[in-house]
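Take a look at the letters that make up each chain.
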Amino acid sequence: MKKLILIIPLIFLAFACGRSKDKPAAKTETVDKEFLADRVKAEFLHAWEGYKKYAWGHDELKPMSKGYRDWHKQSLLMTPLDAFSTMKIMGLDKEAEEAKNLIFANLSFDVDMDVQLFEINIRSLASLISAYQSDGDEGFLGLAVDLADRLLPAFESPTGMPYRFVNLKNGETKDPSNNPAEIGTLLLEWGTLSKITGNEIYYQAAKKAVRALFSRRSTNNLVGTVINVETGNWENTESHISARIDSYYEYLLKSWLMFGDEDIKMMWEISIGAINKYLAHETDNGFWYGRVDMNTAEKTRTYFGALDAFFPAVLALSGDLERAKKLQDSCYKMWMLYGVEPEMIDYSTMEVIVDYYILRPENIESTFYLYHYTKDPKYLEMGREYFESLVKYCRNDVAYAHLKSVKSKEQVDAMESFFLAETLKYFYLLFAPEETLDFDKVIFNTEAHPLKIWRAQ
Ligand code: DMJ
């Protein structure tokens, strides 16, 4: 009888929780966190086994053709580097040791090839610094310093803002048309390296670049999409929180929290004021951040995408939970349009503008932050739904694959390294016990590699 009394309300609850596609996940559903954390770990191992079997020693696995892809003429071990900090967090010691041995045996930066400063910084340099902090092996630090020294010539422009590409062997630079994200997403890694080594050169180079960029903001305190690092002139004045600007803002906030640098704090406060004044957009379809011209503040487009979904996490970290929650509800709507997240939508019509999904983490990252700060079970349920859809549509017998279109769900032969660095890490942290991570002691770089907060040392 007792059982029946319990079952009836549960059945009722299940019906009550049934929801239409565009409503945020219900608050009352219960999620088995331990079970889900174990499943996420199992899926990480599935993807790692696929990499080991078919792409060992290369940058990325091709999960459908059972092959591999290298970014350059020589592999820089992007997947094992990116996966390492997730292995440490998941307690996968055997796998971490395998990756470490491969890195020490095969990774060399003494190669005549052009690399993209931004990508090599957020994936390779950050992984090495984070690995040094979590593992303690000086070999990681040696590789990090060697890499940073080879990247330093990128900053030798007339403005101090870096070129996009630099040659690892001879320091030659390429492509002065750069953007705020690639110029401003350096301070966490370069600052940490300065703190560890006592050599200020890294922090100074990264800070000079950010200062130069910030000083070229408009009178509205906004930045554009493309800037020439030789002339300092804007080449594209559209302002938003999306690709080519996004992590510039993320690093202003996080670098302030990391190092306590008052100059950076001022840049963050001025920037977030302008973002909320000019880009925030309440519509019938929810709360979004759109696009305007940096000089006139006139609206250009009502686009929002998978990359923009990093912003609820940033808002939550900054203490603005009210906007963070509203924006996360919109991110959920975007994901649920086709059951898995499209790259870009027009939020005024809720139509998909770019329809691929490349295993991006941002929406999951924000779910984790929102759950961390609110403990509202709605975010656990949201994360569970995201995870189930990823398994359903992106998993294959080898690992995980991108989707050509969220409409057709056709898989593509690629698995980005950030799937192991970020996507699965944030899922795991969402479901894992609180004590898995001392949240107040680390800042995640934009590729989800934890770096120790210097203020808290
Ligand atoms: C990652 O490399 C980083 O999160 C970056 O900031 C943006 N793009 C990918 C993930 O989508």
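Above this note sits the structure.
One structure accompanies this document, and this report is about it. (Residues numbered from 1 in each chain as written. Predicted model: local features only at pLDDT ≥ 70, side-chain atom pairs only at ≥ 80, totals over all residues. Heavy atoms only, no water.)

On to helix H15 (residues 377-394), then. For H15, which comprises 18 residues, the first-to-last C-alpha distance of 25 Å matches the rise-based estimate of 26 Å (1.5 Å per residue) to within 8%. Counting buried residues in H15 gives 14 out of 18 residues, a clear majority hidden from the surface. Capping the start of H15 is the job of one residue whose side-chain oxygen sits 2.9 Å from the backbone nitrogen of Lys378: Asp376. (Helix = DSSP H or I, 4+ residues; strand = E, 2+ residues; numbered from the N terminus. Expected span 1.5 Å × (residues − 1). Buried < 20%, exposed > 50% of the residue type's maximum accessible area, 1.4 Å probe, protein only. Polar contact = N/O pair within 3.5 Å; in protein donor to acceptor, adjacent residues only side chain to side chain.)

Turning next to the sheet that holds strand S13 (residues 299-301). Across a sheet, strands are paired by hydrogen bonds formed along the backbone, either parallel or antiparallel in direction. Spatially, the three strands line up as an open sheet ordered S9-S12-S13, and their pairing is antiparallel. Where the open sheet ends on each side, the last strands, each with one partner, are strand S9 (238-239) and S13. (Pairing = 2+ DSSP bridges.)

Glancing now at unusual backbone geometry. For Leu359, which is not a glycine, the phi torsion comes out positive at approximately 65°. Positionally, Leu359 belongs in the loop between strand S16 (351-354) and helix H14 (362-374).

Another point: the packing of aromatic side chains. This model, assessed by the stated rule, comprises 25 aromatic pairs. An aromatic cluster of three or more residues is present, and its members are Phe368, Tyr369, Tyr373, Tyr426, Phe439 and Phe444. Across from the ring centre of Phe287, 4.4 Å away, lies the NZ or CZ of Lys326, which sits over that ring. Looking at Lys375, its charged tip hangs above the ring of Tyr371, at a distance of 5.4 Å from the centre. (Phe/Tyr/Trp six-rings, centres within 6.5 Å; stacked < 30°, edge-to-face > 60°. Lys NZ or Arg CZ within 6 Å of the ring centre and 35° of its normal.)

This part takes up the site of the ligand. Taken together, Ile122, Arg123, Leu307, Arg360, Pro361, Glu362, Phe418, Glu422, Thr446 and Glu447 are the residues near the ligand. Contact distances for the ligand include 2.9 Å between an oxygen atom and a side-chain N or O atom of Glu422. Within the side chain of Glu447, an N or O atom sits 2.6 Å from an oxygen atom of the ligand. Burial of the ligand by the surrounding chains reaches 92%, relative to a free accessible area of 290 Å². The cavity where the ligand resides is the largest pocket. Looking at the shell around the ligand residue by residue, the class counts come to four nonpolar, one polar and five charged. (Near = heavy atom within 4 Å. Areas by Shrake-Rupley, 256 points an atom, 1.4 Å probe, with all protein chains shown as cover. 1 Å grid on protein atoms, 1.4 Å probe; cavity = no way out; pocket = protein on both sides within 12 Å on 5 of 7 lines; lining within 4 Å. Sits in = over half its atoms within 2 Å of the grid points. Nonpolar A, V, L, I, M, F, W, Y, C, P; charged D, E, K, R; others polar.)

What follows concerns the pairing of strand S10 (residues 280-283). Two elements, S10 and strand S11 (residues 286-289), share four bridges in a ladder whose sense is antiparallel. When the bridges of S11 are listed, Thr283 appears paired with Gly286. Remark: two residues form the turn of the hairpin made by S10 and S11, two consecutive strands paired antiparallel.

A word on the layout of surface pockets. It is a probe the size of a water molecule, rolled over the atoms, that shows where empty space is left. Here the largest pocket defines a volume of roughly 650 Å³. Lining the largest pocket are 32 residues, and of these Phe118, Glu119, Arg123, Leu307 and Arg360 sit closest to its centre. Among the elements of the structure, strand S3 (114-116), helix H5 (117-135), helix H7 (180-184), helix H10 (246-259), H14 and helix H16 (418-431) are those that each provide at least two residues to the lining of the largest pocket. Of all the elements, H5 adds the most residues to the lining of the largest pocket, at five residues. Along the lines of polarity and charge, the residues of the lining of the largest pocket split into 13 nonpolar, five polar and 14 charged. (Points joined across faces, edges and corners; volume = space filled by probe spheres on them.)

What follows is about the packing of helix H13 (residues 321-336) against H15. Two elements in contact, H13 and H15, have axes separated by 12 Å at closest approach and are oriented at 25°. By the criterion of interaxial angle, the relationship of H13 to H15 is roughly parallel. The chirality of how H13 crosses H15 is left-handed. Of the residues in H15, those in contact with Lys325, Gln328, Asp329, Cys331, Tyr332, Trp335 and Met336 of H13 are Lys378, Tyr379, Met382, Glu385, Tyr386, Ser389 and Leu390. Split into classes, the residues belonging to the contact of H13 with H15 amount to eight nonpolar, two polar and four charged. (Axes fitted to C-alpha atoms, helices over the stretch in contact; angles between N-to-C directions. Parallel < 35°, antiparallel > 145°, perpendicular 65-115°, else oblique. Left-handed = near helix turned anticlockwise from the far one by under 90°. Contact = heavy atoms within 4.5 Å.)

Counting 157 residues, the largest nonpolar core has Trp190, Tyr289, Phe311 and Tyr357 as the members making the most contacts within it. Those residues in contact with Phe311 that sit more than four places away from it in its chain are Ile241, Ile272, Ile275, Tyr289, Leu327 and Ser366. (Core = buried A, V, L, I, M, F, W, Y, C linked by side-chain atoms within 4.5 Å.)

Relative to the helices and strands, Thr86 resides in helix H3 (residues 78-90). Classification of Thr86 as buried rests on a relative accessible area of 0%. At 2.7 Å, the side chain of Thr86 and the backbone oxygen of Leu420 are in polar contact. At a separation of 3.2 Å, a polar atom in the side chain of Thr86 contacts the main-chain carbonyl oxygen of Ala421. Filtering out sequence-adjacent residues up to four positions away, Thr86 remains in contact with Phe44, Leu420, Ala421 and Lys425.

Our focus in this paragraph is the state of the cysteines. The tally for this structure, following the rule as stated, stands at zero disulfides. This cysteine, Cys394, is not joined by any disulfide, and Cys331 carries the nearest cysteine sulfur, 18 Å off. For Cys394, a relative accessible area of 0% gives the class buried. (Disulfide = S-S within 2.5 Å.)

Further remarks concern the environment of Ala274. By the element assignment, Ala274 lies in helix H11 (residues 262-279). Separated by 173 residues in sequence, Ala274 and Asn101 have C-alpha atoms that sit 47 Å apart. Filtering out sequence-adjacent residues up to four positions away, Ala274 remains in contact with Asn220, Asn221, Leu222 and Leu279.

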